[in-house]
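Each chain, letter by letter, is given below.
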Amino acid sequence: MPCVWQPADVGFTPPGTKHLNADQATEVWQAAERTAAHGASLAGKAGFLALSMAVEAAPTWQGIVQAAD
């Protein structure tokens, strides 16, 4: 399950309640990886084969297409 965001406009809310500082690239990347892993876990529990992936892209739709490829 990919988690795609664009710089300066994160566009997702990571699982949990930890505050996300969108100005900290490393923190955003780690949150994206956790969000993707969480989504892949949920998909796996539902019987799907899922891999997690974090993608940074602007505009976001290009990252979604990149992840789909």
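Residues numbered from 1 in each chain as written. Predicted model: local features only at pLDDT ≥ 70, side-chain atom pairs only at ≥ 80, totals over all residues. Heavy atoms only, no water.

**Some remarks on the overall build of the protein**
- Within the protein, the regular secondary structure consists of 2 helices and 2 strands.
- In the protein, which comprises 69 residues, the share counted as buried stands at 29%.
- A fraction of 48% describes how many contacts in the protein between residues 6 or more apart in sequence connect residues 24 or more apart.
- Accessible area of the protein: about 4,700 Å², with a carbon and sulfur share of 57%. (Helix = DSSP H or I, 4+ residues; strand = E, 2+ residues; numbered from the N terminus. Buried < 20%, exposed > 50% of the residue type's maximum accessible area, 1.4 Å probe, protein only. Contact = heavy atoms within 4.5 Å. Areas by Shrake-Rupley, 256 points an atom, 1.4 Å probe, with all protein chains shown as cover.)

**What about unusual backbone geometry?**
- Across the junction of Ala-58 and Pro-59, the peptide omega takes the value -5°, indicating a cis bond.
- Tracing the backbone through its elements, the reader meets Pro-59 in the loop between strand E2 (53-56) and helix H2 (60-68).

**As for the environment of Leu-51**
- In this structure, Leu-51 sits in the loop between helix H1 (25-45) and E2.
- Accessibility expressed as a relative area gives 70% for Leu-51, which makes it exposed.
- Taking the C-alpha atoms as reference points, Leu-51 and Ala-36, 15 residues apart in sequence, are found 8.3 Å from one another.

**As for the environment of His-38**
- Relative to the helices and strands, His-38 is located in helix H1.
- What makes His-38 partly exposed here is its relative accessible area of 40%.
- With 14 residues separating them along the chain, His-38 and Ser-52 place their C-alpha atoms 8.2 Å apart.

**With respect to the confidence of the model for the protein**
- Looking at the protein as a whole, the pLDDT averages 80, with 71% of positions reaching at least 70.
- Taking the mean pLDDT of every element in the protein, the minimum, 69, falls on strand E1 (residues 2-5) and the maximum, 88, on H1. (pLDDT = per-residue confidence, 0-100.)

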